[in-house]
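The chain contents come next:
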Amino acid sequence: MSEIPAKATESEDPSEGARARAADGLASAVGGALAADGVRTGDAMWQSSPPGSIYDYIRVASFSIGPDGLVNQWSLRAEHLFGIPADRAVGMDPIEAFIDPRHRERGMRKMAEILDGREWTGVVPFRMPRGVEGECGHEGLAEVYVMPTRTEEGEKAAVCIVVDVRTLRTIETDLAASQAIFSQSPFGFLLIDPDLRVRRANQRFASIFGGTPDDHRGKGVHDYLQRGEAERVAATLRRVLETGNSITDMHVTGFVPGSDERRHWSVNLYRVHSGSGRPIGVAWLGTDITARRAAAREAAAARRNLALLNEAGARIGNSLDLETTARQLLDVVVPGFCDLATVDLYQGLLAGDETPPGLADGSAELRRVAFASAVSDAPFTGTGVPVAVGAVHHYPFNSSCADALRTARPQTVPGEDGGLVQSTLAVPMVAHDTVVGLVQFARTKGSEPFGDRDRDLAVELAARAAVCIDNARLYRREHERALILQRSLLPPGDPEASGLDIACRYLPGNVNTGRPSEVGGDWFDVIELPGHRTALVVGDVMGRGLRAAVAMGELRTAVRTLAQLDLEPAEVLSQLDEIARGLGAPGGVQQATRAARRPREADLSEVYLATCVYAVYDSVTRRCTFANAGHLPPVLVEPGEPALMLDVPPGLPLGVGGEPFEEVEVELPEGALLALYTDGLVESRDHPLDEGLQAFVSALSDPTQPLEDVCDHVLNTLDTHHGEDDIALLMARVQGLPTDSVGDWTLPREPRSVGRAREYARAQLLAWDMEPLVDTTELLVSELVTNALRYGEGEIRLRLLLDRTLVCEVWDSGLVQPRRRRARDTDEGGRGLQLVGLLSAAWGSRRTPRGKTVWFELPLPGGDTTLTDPAEALLSLF
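Computed from a prediction, not measured in an experiment: that's the story for all the values here.

### Things to note about the nonpolar core
In terms of nonpolar packing, the biggest core is built from 57 residues, with Trp 523, Leu 536, Leu 576, Tyr 614 and Leu 730 touching the most fellow members. If one sorts the elements of this core by residue count, helix H14 (residues 546-564) sits on top with eight residues. When neighbours within four sequence positions are excluded, Leu 730 is seen to be in contact with Ile 502, Ala 503, Cys 504, Phe 524, Asp 525, Val 526, Leu 536, Val 537, Val 538, Leu 674, Ala 675 and Leu 676.

Now the structure itself:
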């Protein structure tokens, strides 16, 4: 407060007593206010008010006027209010200096009254004197309180106290605005003092926490919040008081009186200062964001669910394997959606049944195909006894899981007391109105319980996985059927051949990776031909699936049929090419040939293309004739020599047509190794064909090992686990027919040759210790030689071959093939070939480059086949 001039004395005016009493009252009031602020009033000397009083906000000044009406004392507050230093202000006429010329006349009258000893109070407009730096010409409004005094000489003077009215009005406006904002704010407003106690609260805060605003005075944060949250908020309030840094959008959690619902508030904190800049507390502005938090949680849950569905769409169904699809579902949901999960599929579906039994009551056997846990691999016990992955089980009739399977609706299973699981969602996997299994989602205690949105999401995830699993089931069924068809068309067991040691391997695509794939059209075959010859065939139909398997079966059947006709290898491939071209035409080969002549758009879906290599091996001469239709070249390993690929002209694939096929004849040394294969063995995405061929040739570095071991070594050495294509491997080791197992004679064209032929045959059989075959062989040899004499041409050649069977061949230069006919009872002849057919295990004829060969085959004694008695065979003819 301003200092009172020391020269002021008590007035002699009669009214001055009242004014003195008023001044004493004002002094008492001021003293009381100071006492309220802790300042002692009984001392001889007053103390200045502490910072933070009202004088920090209003502008108050004092000065005194001498008997001459001029300023004779000028306080520091006056300097601050008017901006005029004391040395200049003393001696100035306040009317001339501060009053506008329009009001000076009135001001002079008031000054005369004041100097006459009258007390005066009023509002006076003023302006700064001209020439004052900074405030030149500034106008203001002041409330002036003039108190008459006397000088030491007894002359009349006055003391003036000036208050800046505009500052008071600004304070009044600010107080009104602050009061309106504080009381009418829709947010909870608190003023917290340095002791962290509520100094003031608004009505909005009181309406939430009960009572009136005054009821909350003196309370702390521990009266509203739980201990941990209260300590966190108190620490934040202290930090704001100490640093002055404001806090924006601090989230506070607590409860309101009379409600168990957890509420959330967003709080802004900032430090409040007095007019002198001293911190006097912290302003708390809070708004309830419980609904916003709930909406944010709902939005976050919706985004999470959408992300899970997107992830499920991207990850589930990439494989056509049932177990893999089930594991993909669990990889998506654990731990993003639940803590533990299992997938059970009907055992009948896994076994390939169309409709699993027990769907009506949900008690059919199921197999647990997948399990996932985010809790240290804890066992799943949410719905009963733990079940291991791969185990077959069933749910009791009255269980929630059986009810879910029975009704095709999800069921919520509460967790057991003392267990790990809080609750479990048992969701049936429904695809095409068929329940294929059950998936269980479980959350452990302490996790958020399942809600309606979670239930809907679980149903959607299970439905997506169910469709993928059902597709995988259908594909597995078709794949198994195609694989059964394909395997049924391949040679059963281990093939056997005269003069060859055979070993073979067939690996369907993806058999090593465990992922089902479409079957391919790879095949191989070993066909026994007359004269202890053998046809070796390896082929590959382009494409995959049941269509390729069926085409492979048709071509393999055609190869066996053509091979029995004893055609040359090139001619066999030419006929196969015509057959392959006819596979895609409704009318067969002729329709395809006619259609090929007409210009039209090619339908690639009806084009059957295949590669094939066909080889005929003669065990007597150890010569092998090759023909190739676009296939990879055979590999030959001679004893003591490195493996090499035979130079066989590849030709065009079967089904293209238009070009003839070439033959290559190669003599194979004893013990040589011949390998035929398909491209799946030597080619994959990671290994080009050239590298694969080189690796295959290198893998045949030691052909002296047992043939089965050589096959295993090749498959283990090469990249056969890519699973991209079928693999067919056919290996044969040459074991030519020994010279002493061959009897070969040339007979002149004369009747005596029949008897000589019988003699040669008898002698050779006795030398081979085949006496049980002598009579039958003599009879059949005489019949064939007789036919050669009667219907053939040129010299006659007789050859006996002993291996796994006895083969007799009669050669001549005639081109007419013998034809078997049924003789009538009155016919004297025509029964020779009938007799050959009755006594032999097989017989036939084939063309040769210089004529024809008629042959028959007899089983060796002691075998499974019983010899036919010649006498009974002769009697059966009549």
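### Looking at the pattern of salt bridges
Inspection of the entire model under this criterion finds 38 salt bridges. For Glu 229, the salt bridge identified is with Arg 232, shortest N-O distance 2.6 Å. Pair noted here: Glu 229 and Arg 232 are both in helix H8 (residues 227-243), with a separation of three residues, about one helical turn. For Glu 229, a relative accessible area of 18% corresponds to the buried category. Since its relative accessible area comes to 34%, Arg 232 is described here as partly exposed. Of the charged contacts, one joins Arg 505 and Asp 712 as a salt bridge, the two residues approaching to 2.9 Å between their closest N and O atoms.

### Quick look at the packing of helix H19 (residues 752-767) against helix H20 (residues 774-791)
In the contact formed by H19 and H20, the axes pass within 9 Å of each other and the chain directions differ by 150°. In terms of orientation, H19 and H20 fall into the roughly antiparallel class. As for how H19 packs across H20, the hand of that crossing is right-handed. Each of Ser 753, Val 754, Ala 757, Arg 758, Ala 761, Arg 762, Leu 765 and Leu 766 in H19 lies in contact with H20, whose residues at this interface are Val 774, Asp 775, Thr 777, Glu 778, Val 781, Ser 782, Val 785, Thr 786 and Leu 789. Of the residues that constitute the contact of H19 with H20, the class distribution is nine nonpolar, four polar and four charged.

### Description of the environment of Phe 255
The topology assignment puts Phe 255 in the loop between strand S8 (247-254) and strand S9 (263-273). When the C-alpha atoms of Phe 255 and Leu 225 are compared, they prove to be 7.2 Å apart, with 30 residues separating the residues in sequence. The contacts of Phe 255, once residues within four sequence positions are left out, are Phe 209, Tyr 224, Gln 226, Asp 260, Glu 261, Arg 262 and Trp 265.

### Overview of helix H6 (residues 165-184)
Taking 1.5 Å per residue as the helical rise, H6 with its 20 residues ought to reach 28 Å, and the 28 Å between its terminal C-alpha atoms agrees with that figure. Every buried residue of H6 is accounted for by Val 165, Thr 167, Ile 171 and Phe 182. Relative to the axis of H6, the buried residues are bounded by an arc of 160° and lie together on one face. Exposed residues pointing more than 90 degrees away from the buried face of H6 are listed as Glu 172, Thr 173, Ile 181 and Gln 184. The opening residue of H6 is Asp 164, an N-cap whose side-chain oxygen sits 3.2 Å from the backbone nitrogen of Arg 166.

### A closer look at the packing of aromatic side chains
On inspection of all chains with the given rule, the structure shows 13 aromatic pairs. For the pair Phe 82 and Phe 126, a centre-to-centre distance of 5.2 Å together with 70° between the ring planes defines the contact as edge-to-face. Of this pair, Phe 82 sits in helix H2 (residues 76-82) while Phe 126 sits in strand S3 (residues 120-127), placing them 44 residues apart in sequence. Chaining the aromatic ring pairs together yields one cluster made of Phe 63, Trp 74, Phe 82, Phe 98 and Phe 126. Over the ring of Phe 337 we find Arg 443; its NZ or CZ atom is 5.2 Å from the centre of that ring. One Lys or Arg, Arg 846, reaches over the ring of Trp 811 and ends 5.7 Å from the middle of that ring.

### Observations regarding the sheet that holds strand S24 (residues 663-667)
One open sheet holds the five strands; their spatial order is S18-S19-S20-S21-S24, and the pairing between them is antiparallel. With one partner strand each, in any of the chains shown, strand S18 (520-529) and S24 form the two edges of the open sheet. Geometrically, the sheet is characterised by an average inter-axis angle of 15° between neighbouring strands, direction not taken into account. As paired elements, strand S20 (residues 610-618) and strand S21 (residues 623-629) share seven bridges and run antiparallel to each other. For Asp 618, the partnering residue across the bridge sits in S21 and is Arg 623. Along the sheet, H14 makes contact with S18, strand S19 (533-544) and S20, crossing S18 at roughly 15°.

### Let's talk about the pairing of strand S7 (residues 198-201)
Summarising the sheet, strand S6 (residues 188-192) and S7 pair through three bridges and their orientation is antiparallel. Counted as the bridge partner of Leu 191 is Arg 200 from S7. Linking two consecutive strands that pair antiparallel, namely S6 and S7, is a turn of five residues; a positive phi of about 65° is found at Leu 196 within it.

### A closer look at the packing of helix H9 (residues 290-315) against helix H10 (residues 322-333)
H10 packs onto H9 with a crossing angle of 155° between their chain directions and a minimal axis gap of 10 Å. The orientation of H9 relative to H10 falls into the category roughly antiparallel. By crossing handedness, the relation of H9 to H10 is classed as right-handed. The residues of H10 that touch H9, namely those facing Leu 308, Glu 311, Ala 312 and Arg 315, are Gln 328, Asp 331 and Val 332. For the contact of H9 with H10, the per-class residue count stands at three nonpolar, one polar and three charged.

### Let's talk about helix H21 (residues 832-839)
H21 sits mainly inside the fold: six of its eight residues count as buried. For H21, the complete set of buried residues consists of Gly 832, Leu 833, Gln 834, Leu 835, Val 836 and Leu 839.

### A word on the sheet that holds strand S14 (residues 411-414)
With antiparallel pairing, the six strands of this open sheet are ordered in space as S13-S12-S11-S16-S15-S14. The two strands at the open ends of the sheet, each matched to only one other strand, are strand S13 (392-393) and S14. Where strand S12 (residues 366-373) and S13 come together, two bridges link them in antiparallel fashion. Across the sheet, Leu 366 pairs through a bridge with His 393, a residue of S13. Contacts from H10 reach strand S11 (340-346), S12, strand S15 (421-431) and strand S16 (434-444), with the element oriented near 35° to S12.

### What to know about the confidence of the model for the protein chain
When pLDDT is averaged across the protein chain, the result is 81; 83% of the residues are at 70 or more. The low-confidence segment residues 1-49 (pLDDT under 50) makes 42 contacts with residues lying over four places distant or belonging to another chain. Per-residue pLDDT stays below 50 along residues 511-516; that stretch engages in 10 contacts with residues further than four places along the chain or on separate chains.

### Considerations on a negative patch on the surface
Together, Asp 68, Glu 152, Glu 153 and Glu 155 give the surface a local cluster of negative charge. Mapping Glu 155 onto the fold places it in the loop between strand S4 (139-150) and strand S5 (156-164). For Glu 155, a relative accessible area of 43% gives the class partly exposed.

### A short note on the environment of His 222
Tracing the sequence through the fold places His 222 in the loop between helix H7 (203-209) and H8. In this structure, the C-alpha to C-alpha distance between His 222 and Ala 234, residues 12 residues apart in sequence, is 8.5 Å. The contacts of His 222, once residues within four sequence positions are left out, are Ala 230 and Glu 231.

Parameters and conventions
Residues numbered from 1 in each chain as written. Predicted model: local features only at pLDDT ≥ 70, side-chain atom pairs only at ≥ 80, totals over all residues. Heavy atoms only, no water. Core = buried A, V, L, I, M, F, W, Y, C linked by side-chain atoms within 4.5 Å. Buried < 20%, exposed > 50% of the residue type's maximum accessible area, 1.4 Å probe, protein only. Helix = DSSP H or I, 4+ residues; strand = E, 2+ residues; numbered from the N terminus. Contact = heavy atoms within 4.5 Å. Salt bridge = Lys/Arg side-chain N within 4 Å of Asp/Glu carboxyl O. Axes fitted to C-alpha atoms, helices over the stretch in contact; angles between N-to-C directions. Parallel < 35°, antiparallel > 145°, perpendicular 65-115°, else oblique. Left-handed = near helix turned anticlockwise from the far one by under 90°. Nonpolar A, V, L, I, M, F, W, Y, C, P; charged D, E, K, R; others polar. Expected span 1.5 Å × (residues − 1). Arc of directions from axis to C-beta. Polar contact = N/O pair within 3.5 Å; in protein donor to acceptor, adjacent residues only side chain to side chain. Phe/Tyr/Trp six-rings, centres within 6.5 Å; stacked < 30°, edge-to-face > 60°. Lys NZ or Arg CZ within 6 Å of the ring centre and 35° of its normal. Pairing = 2+ DSSP bridges. pLDDT = per-residue confidence, 0-100. Patch = residues over 30% accessible without salt bridge, like charges linked within 9 Å, V, L, I, M, F, W, Y side chains within 5 Å. Areas by Shrake-Rupley, 256 points an atom, 1.4 Å probe, with all protein chains shown as cover. Lys, Arg positive; Asp, Glu negative; His and termini not counted. Charge placed at Lys NZ, Arg CZ, Asp CG, Glu CD.

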